Amino acid sequence: MSGDNMQDDWATARKNRLPSFTEVLSRRTRPPVDLFMFYLFLQREGAEDILDFWLDVQQHENLCRAYFKDVRKSGRTIRDDWPQYWDYARRRGSIYGTVVGLNPSSAAGMQTKRSTASTGEMLTQQEKDNLAGLGSTSPRPMSPQDPFDAPRSTTPFSVGARTPMLFNKRASRAPTVIHRSQAVTRQDLIRSAEHIFYKYLSPANNTIDGESHEIYLPPSLRIHSFPLNSDREPRSDQEQALMAQIPDMFHVQKEYCFHAMEQDAFPRFLRAKAFGNLTPVSALVRLVAGLIILWIGLATGFSLIFLDVHPKAKRFFLFIPFTLAILFLISHQYELDPVLILFNQSESTPFRTLSIKEPYVKKLLVGRALWVSMLVAACTVALTLIFWAVPGKRL
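Sequence order as written defines residue numbering, which begins from 1 separately in each chain. The predicted origin of the model limits local features to residues at a pLDDT of at least 70 and limits the giving and counting of side-chain atom pairs to 80 or more, whereas totals for whole chains, interfaces and linings rest on all residues. As a convention, hydrogens and water are excluded, and side-chain values are obtained from all of the structure's heavy atoms.

## Remarks on the environment of Cys-379
Comment: elements are numbered from the N terminus, with helices defined as DSSP H or I runs of at least four residues and strands as E runs of at least two. For Cys-379, the location among the structural elements is in helix H16 (residues 359–389). Note: C-alpha distance between Cys-379 and Leu-327 (52 residues apart in sequence) is 9.5 Å.

Structure representation (structure tokens):
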């Protein structure tokens, strides 16, 4: 089944509801509430780095799954190929329990619905390269501590840690891309984890083009150092033990970022895109244009009254500036332009539009566009009749 047909099936299942955050991350939604639009929304707020971190960790976990599958396809078991990881996963649990052949019950705590549902499709490199402009904010400082394991609730990578959902830092550009021209090796896993750590979690080395990409994490979830080196294989027992933590290393942080986005940014994204079709910049331009045109219409109307211009029916032409002014002002207030809805368009970036393809969102926007149109018509008629009814008096 093609991707378009699958999206059509998913959209049909959502005829009477808005999409969930999991559906957006797994690219089961269509514009204007798809993953690409959510990335643009976060980028306008200077918060796209947290989504980049989630995507990079998802790619890292996919890479680990590919490694485990390659091992099993070669006829070996994970227990024989990587005994340190097998022991670590058996004792502490792992999100890859079913992939590596552990008892499913031992990994049940780590196999959350969201992490499995969102596996797979993500923003492509080309899509993210087309996104221009990155803001920056000052990252929160981290205190130095032991390798990998900052204090956690029970086990280093359990999903049970509950902390306040703060969403006030940003993260970076593109997911880690691993070309599968050959089998995945453990060095590839180290390289992927090293990339994520130094890009998002290290306060000293996570700048790209002079911009910081460190994301905020609560103290219990911070990772303060990365003692492994992707340029050489781990040799000592301590390095081998640390290496065993690489596959599950960022899963708790990823879940924290998921909940932070789901509770903070995603509801605002739905309000912006499911109930409106304008970007803040475009809405502001409409406000300025509406005030200017309204001033012109009022100045013309008062001139016709105080010059006592005849015939009086000429005042009806005031409906033209009044209609434009009120349309722009109400469009700014609702962040919705009914003219764009008429052409089934929603803005992605200021003054650039794309087609609305999500059925329920289209239904909501059409309903709001009808209300805005009736409001514009009522205000225009009232204002035009007032200026028509006022008797002329030449000064």
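## Re the nonpolar core
If you look at the biggest cluster of nonpolar residues, it comprises 82 residues, and the most contacted ones within it are Phe-38, Leu-51, Phe-53, Phe-68, Tyr-85, Leu-201 and Phe-250. Summarising the domain contributions, this core has at least three residues from each of domain 1 (20–100 + 183–274) and domain 2 (280–389). Counting residues in each nonpolar core, the second largest holds 5 residues, with Ile-305, Leu-318, Phe-322 and Phe-387 among its members. Residue types Ala, Val, Leu, Ile, Met, Phe, Trp, Tyr and Cys, when buried and joined through side-chain atoms within 4.5 Å, form a set referred to as a nonpolar core. Any residue under 20% of the maximum accessible area for its type is buried, any over 50% is exposed, and the rest in between are partly exposed; the area is computed with a 1.4 Å probe on protein chains only. Residue ranges assigned to the domains are those given by an automatic or database domain assignment.

## Looking at the packing of helix H14 (residues 319–334) against H16
Axis definition: a line fit to C-alpha positions, over the contact stretch in the case of helices; interaxial angles, taken between N-to-C directions, run 0 to 180 degrees. Closest axis-to-axis distance for the H14/H16 pair is 9 Å, and the angle between their directions is 140°. With respect to each other, H14 and H16 are oriented oblique. You can see that H14 and H16 cross each other, and the crossing is right-handed. Packed against H14, whose contacting residues are Phe-319, Phe-322, Thr-323, Ile-326, Leu-327, Ile-330 and Tyr-334, the element H16 presents Arg-368, Trp-371, Val-372, Leu-375, Val-376, Cys-379, Thr-380, Leu-383, Thr-384 and Phe-387 at the interface. Each residue gets one of three labels, nonpolar for Ala, Val, Leu, Ile, Met, Phe, Trp, Tyr, Cys and Pro, charged for Asp, Glu, Lys and Arg, and polar for the others, Gly among them. Classifying every residue of the contact of H14 with H16 gives 13 nonpolar, 3 polar and 1 charged. The labels follow the angle: roughly parallel below 35 degrees, roughly antiparallel above 145, roughly perpendicular from 65 to 115, and oblique for the rest. Left-handed is the label given to a crossing in which the near helix is rotated counterclockwise from the far helix by less than a right angle, and right-handed is the label when the rotation is clockwise. Here a residue-residue contact requires only that any non-hydrogen atoms of the pair lie within 4.5 Å.

## Here we look at the packing of aromatic side chains
How two aromatic rings sit relative to each other is set out by the distance from centre to centre and by the angle between their planes. In this analysis, rings of Phe, Tyr and Trp, with Trp reduced to its six-membered ring, are considered paired at centre separations within 6.5 Å, and the interplanar angle assigns stacked below 30 degrees, edge-to-face beyond 60, and tilted for intermediate values. Within the structure shown, the criterion is met by 22 aromatic pairs. Centre to centre, the rings of Phe-53 and Phe-250 are 6.5 Å apart; their planes meet at 85°, and the pair counts as edge-to-face. One end of the pair, Phe-53, is in helix H4 (residues 48–73); the other, Phe-250, is in the loop between helix H11 (237–243) and helix H12 (251–274), and 197 residues separate them in sequence. Taken together through their ring pairs, the aromatic side chains of Phe-21, Phe-38, Phe-41, Phe-258, Phe-266 and Phe-269 make up a single cluster. Any Lys NZ or Arg CZ that is within 6 Å of a ring centre and within 35 degrees of that ring's normal is treated as a charge sitting over the ring. When the ring centre of Trp-54 is taken as reference, the NZ or CZ atom of Lys-254 above it lies at 4.9 Å. The ring of Trp-388 has Lys-312 lying over it, and the distance from NZ or CZ to the ring centre is 5.3 Å.

## Concerning the UniProt feature "transmembrane region" (unreviewed entry) in the chain
UniProt positions are given in the numbering used here, feature names are shortened, and annotations may be inferred rather than shown by experiment. Per the UniProt record, the feature "transmembrane region" (unreviewed entry) sits at residues 287–309, 316–334 and 369–390. The distance from the first to the last C-alpha atom of residues 287–309 is 31 Å, and the span holds 87% helix and 0% strand. Along residues 316–334 one finds 84% helix and 0% strand; the C-alpha atoms at either end are 27 Å apart.

## Structural notes on the pattern of salt bridges
We count a salt bridge whenever a side-chain nitrogen from Lys or Arg sits within 4 Å of a carboxyl oxygen from Asp or Glu. Applying the stated criterion across every chain, the model contains 11 salt bridges. In this structure, Lys-254 and Glu-61 form a salt bridge, with 2.8 Å as the shortest nitrogen-oxygen distance. Within this pair, whereas Lys-254 is found in helix H12, its partner Glu-61 is found in helix H4, the two being separated by 193 residues in sequence. One salt bridge in this structure joins Arg-76 and Asp-81, with 2.6 Å as the shortest N-O distance. A single network of salt bridges, built from pairs that share partners, joins Glu-45, Asp-264 and Arg-268.

## So, H16
Compared with an ideal rise of 1.5 Å per residue, which puts 31 residues at 45 Å, H16 spans 45 Å between its outermost C-alpha atoms and is within 8% of the ideal. Among all positions in H16, only Tyr-360, Val-361, Leu-364, Leu-365, Ala-369, Val-372, Val-376, Thr-380, Thr-384 and Phe-387 are buried. The inward-facing, buried residues of H16 contact H12, helix H13 (280–306), H14 and helix H15 (338–342). Given a helix with a known number of residues, its expected span is that number minus one, times 1.5 Å.

## A few points about the side chain of Glu-194
Of note, Glu-194 is situated in helix H10 (residues 186–201). His is not counted here, nor are the chain ends, while Lys and Arg score as positive and Asp and Glu score as negative. Arg-191 provides the closest opposite charge to the buried, unpaired Glu-194, separated from it by 6.2 Å. Setting aside its immediate chain neighbours within four residues, Glu-194 contacts Phe-226, Leu-228, Asn-229 and Ser-230.

## Description of the pairing of strand S3 (residues 345–349)
Extensive coverage of S3 is indicated by the burial of 4 of its 5 residues. By the convention used here, strands pair only if DSSP detects at least 2 bridges between them. Sheet topology note: the S3/strand S4 (residues 352–355) ladder contains 4 bridges and is antiparallel. Bridging from a neighbouring strand, Ser-346 pairs with Leu-354 of S4. Between S3 and S4, which pair antiparallel and follow one another directly, the connecting turn spans 2 residues, one of which, Phe-351, has a positive phi of 70°.

## A word on the packing of H4 against H10
It is at 10 Å that the axes of H4 and H10 come closest, and there the two elements cross at 170°. One finds that H4 runs roughly antiparallel with respect to H10. Side by side, H4 and H10 meet where Asp-49, Asp-52, Phe-53, Asp-56, Val-57, His-60, Leu-63, Cys-64 and Tyr-67 of the first sit next to Arg-186, Asp-188, Leu-189, Ser-192, Ala-193, His-195, Ile-196, Lys-199, Tyr-200 and Leu-201 of the second.

## Remarks on the confidence of the model for the chain
How sure the predictor is of each residue is captured by pLDDT, a score from 0 to 100. On average, residues of the chain score 80 in pLDDT, and 75% of them are at 70 or above. The low-confidence segment residues 105–177, where pLDDT is below 50, has 221 contacts with residues more than four positions distant or belonging to other chains.

## Here's the deal with helix H6 (residues 83–92)
Those residues of H6 not exposed but buried are Tyr-85, Trp-86, Tyr-88 and Ala-89. Along the axis of H6, the buried residues cluster in a sector spanning 165°; they form a single face. The secondary structure elements touched by the buried residues of H6 are H4, helix H5 (78–81) and helix H7 (97–100). Of the residues trailing H6, Gly-93 is marked for its positive phi of about 90°. By definition, the arc is the one covered by directions from the helix axis to the C-beta atoms.

## Some remarks on a nonpolar patch on the surface
To count toward a patch, a residue needs a relative accessible area over 30% and no salt bridge; like charges are then connected within 9 Å, while nonpolar side chains (Val, Leu, Ile, Met, Phe, Trp, Tyr) are connected within 5 Å. Accessible surface area values rest on a Shrake-Rupley calculation with a 1.4 Å probe, where residue burial reflects the displayed protein chains alone. A cluster of nonpolar side chains, Leu-284, Val-288, Ile-292, Trp-295 and Ile-296, forms an exposed patch at the surface whose accessible area comes to about 530 Å². Locating Ile-296 in the fold gives a position in helix H13. Among the residues examined, Ile-296 registers a relative accessible area of 42% and is labelled partly exposed.

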